[in-house]
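If you want the building blocks of each chain, they are given just below.
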Amino acid sequence: MRGKLYVKNAALLTVGGFALRVLGMAFRVYIAAWLGGEGMGLYQLILAVYGVFIALASAGVNVASTKLAAQSLARGHGMSATLWGLVSAAALFGTGAMLAQFALVAPLAHFMLHDARAELGLRVLAPSLPFMAVAGALRGCFLARRRVTPNILSQLAEQALRMAVAALALRKLAAWGAAYACAAVLLGNTLSEALSCVLMALFAKEETSFRRQEGDGAVGFSRRELLGIALPVTGSRLLASALQAVESSLIPLCLALYLGERTAAMEQYGAVKGMAMPLIFFPFSVLAALSGLLMPEIARAAARRDKQATARLVGTAMTLTGLFSALAGAGLLLFGEELALLLYRDTAVGMYVRVLGLIAPFMYLESMIDGILKGLGEQLATFRYSLLDSAVRITAVCVVVPRFGILGFLGVMAFSNLLTCTLNARRMLLRTRMRPTWDRWLIAPAALAGAAATPVLWLRRFGPAGPAGLALQLTVFAAGAGLPLLWLWRKNRTALAPAGAQRAVQTDHRG
C-alpha cells in the first residue's frame, strides 16, 4: 500500500508540477508581450531583491517543516503540536520579513537597483511574505504525511489567480509606464499567495492526523531542533539571495558599459533572465517533483542511519536525473530557437536558449544534488558552496561582462553551474560514502541523448520543411527520449519506494 501511495504521489507531483510549469510559461509569455524586454528586465530586478526577503521569511522554516514533521512521525508523535509550532514560527519570520522590506524599499530601489521605478513593485510584494511563509510550513507537513494533493491544488489555484489578476491589472495600468505595468503583475503575486495560504489552512483543518490526539505532548519539537535547521538554512539562503541580488543589479550596469546605453542593457538582461531562463527550467518540473518526494525519504533514512536505503535513494535519483537532464538539454539545443520564436518572436532569445541548453543538464543535476544534501542535513556545506559560487559570479560579472557583453555573461553562468555541480556532487559522495557510477549518471545518458537527437538532425537535412517538418522532428525526438525514460522509471520503481513498501511495489509491478 505504501509503495502504491509513493508512486501515486510521484505521478501527482509530476502532473501537477508540469501543469504549473505550463501555466507559468504561458504567464511569462503573456507578460513579456506587455512589458517588453526592458520591462522584463525591471521585473527581474524587482524579483531578485524580493528573493532576499523570501529567504528571510520562509527558507529555513520550509526546510525545517518537512524534516521536523517527518521526524515527528518517525518518533511516533502526533502532528498537531509540530504543525502549530511550525506555523507560528513561519508567521513570525514572514511578518518580520514584510516589515523589513517595507522599511528598505526606497534605498534598495535607488541605491542598489539604480532604478526608482522598482519602488512601487517592491511595496506591492511585501504583504505576500507572511502568507508565503505559513503556506510553505503547511506544505512541508503535508509532504511529511505523504499527501501531495493539497499542495498541488493550492498551487494551481494560486497560479490561476495570479494570472487572472495580472491580466486585468495590466489592461488598466500598463499604459502608465513600466513601473505600473510591473506593479500590476506583482499585485497578482501578492493576492495569489494570500489565497494559497487560506486554502492550505483549510486543507490542514480537514486533515485528521493534524488534530490533537490523546497522549500528544505540548510541543512537537524543541527550539534547538527548529533553530538548528532554520537558522543555517535561513542564513545561507539570505546571504546567497543577497549576493544574487547584488549580481543582478550589476549585470545591467556592466552590460551598459559594454553597449553604451542602459535601455539596451535592460532589454538583454530581461531577455536572458525573464524569457530564456524560464524556458530552460520548464522541463525541470519532473525532477522537482522527484526531489520533493525524495527529501523526506532521505531524511528518514538518514535519521535511522540506514546507509543502504540512503545509497539506494541517492543512486536511483542520480540515475534518473542524469538521463532526464541529458535528454532535456538535447531538446533545448535542438528546438530552443523554434520555441523562442514561437513564444516570444525574438531570435536573440532563441540563441540564448540554445547556448544555455548546453549547460542545462548540469543545472538540473546541481538542483537535485542540492535537495539530496539538504535531506542529509548538509545545509552548511551547501551554504559554503553557494557563498563561493556567488563570490566567483560577482567577480566574473564585473571583469568579463564589460569586455564581452551578454556572451560573457552566458560564459559566467556556464562556469558557475559547473563549479557548484562539481562541489555538491563531491560532498554528496563523501557524505554517503558511495562510489560514483559515472557510466549510469553521465556517460549512458549522454549516449542516449545523442541517439535521440541523431534522427532529428537527419530529418533536418532530408525531411520535410516548415511546420510539418518541425512537428515530425518533435515527434521523433519525443519518442526517442520518452522510451528510455519510461523504461528506466519502471525499472527503478522498487528502488524509489520506501523500504517498507518495496514488496508492495514489486507485487504491483508484476501484476
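Before reading on, note that the structure itself is shown above.
Our subject in this report is the structure included herewith. Predicted model, so just to flag it, every value in this text is computed and none were measured.

1. Brief notes about the pattern of salt bridges
- Per the counting criterion, the structure on display carries 11 salt bridges.
- Here Arg117 makes a salt bridge to Glu38, at a shortest N to O gap of 3.5 Å. Of the two residues, Arg117 is situated in the loop between α2 (80-112) and α3 (118-125) and Glu38 in helix α1 (residues 2-74); the sequence distance between them amounts to 79 residues.
- Judged by its relative accessible area of 28%, Arg117 falls in the partly exposed class.
- Among the ionic pairs, Arg354 bridges to Glu337, the shortest N-O distance being 3.5 Å. Pair noted here: Arg354 is in helix α11 (residues 347-357) and Glu337 is in helix α10 (residues 307-344), with a separation of 17 residues, a long-range link.
- Taking the relative accessible area as the measure of exposure, Arg354 reaches 34% and is therefore partly exposed.
- A residue is classified by how much of its surface remains accessible, and Glu337, at 32% relative accessible area, is partly exposed.
- Through salt bridges with shared partners, one network takes in Arg139, Glu158, Arg162 and Glu193.

2. Side note on the environment of Pro107
- Looking at where Pro107 falls in the secondary structure, it is placed in helix α2.
- Along the backbone, Pro107 and Glu119 are 12 residues apart, and their C-alpha atoms lie at a distance of 8.9 Å.

3. With respect to α3
- Counting buried positions over the eight residues of α3 gives six, a clear majority of the element.
- When α3 is considered as a whole, its buried residues turn out to be Ala118, Glu119, Gly121, Leu122, Val124 and Leu125.

4. Let's talk about the environment of Glu225
- Structurally, Glu225 can be placed in helix α7 (residues 223-259).
- For the pair Glu225 and Leu68, spaced 157 residues apart in the sequence, the C-alpha separation amounts to 8.0 Å.

5. Points about the nonpolar core
- Counting 125 residues, the largest nonpolar core has Tyr43, Leu356, Ile372, Met413 and Met428 as its most contacted members.
- Here this core gets 22 residues from one element, more than from any other, and that element is α1.
- Not counting residues within four places of it along the chain, the set of residues in contact with Met413 comprises Val272, Met277, Leu356, Ile359, Met363 and Arg393.
- In terms of nonpolar packing, the next biggest core, distinct from the first, is built from 14 residues, Ala326, Ala449, Val456 and Leu488 among them.

6. A short note on the environment of Ala326
- Relative to the elements of secondary structure, Ala326 occurs in helix α10.
- Residue classification places Ala326 among the buried positions, given a relative accessible area of 13%.
- Excluding residues within four positions of it along the chain, Ala326 makes contact with Pro361, Pro445, Ala446 and Ala449.

7. Some details on a nonpolar patch on the surface
- Taken together, the side chains of Leu120, Trp176 and Tyr180 make up a nonpolar region of the molecular surface, amounting to roughly 320 Å² of accessible area.
- Looking at where Tyr180 falls in the secondary structure, it is placed in helix α6 (residues 178-206).

Calculation notes
Residues numbered from 1 in each chain as written. Predicted model: local features only at pLDDT ≥ 70, side-chain atom pairs only at ≥ 80, totals over all residues. Heavy atoms only, no water. Salt bridge = Lys/Arg side-chain N within 4 Å of Asp/Glu carboxyl O. Helix = DSSP H or I, 4+ residues; strand = E, 2+ residues; numbered from the N terminus. Buried < 20%, exposed > 50% of the residue type's maximum accessible area, 1.4 Å probe, protein only. Core = buried A, V, L, I, M, F, W, Y, C linked by side-chain atoms within 4.5 Å. Contact = heavy atoms within 4.5 Å. Patch = residues over 30% accessible without salt bridge, like charges linked within 9 Å, V, L, I, M, F, W, Y side chains within 5 Å. Areas by Shrake-Rupley, 256 points an atom, 1.4 Å probe, with all protein chains shown as cover.

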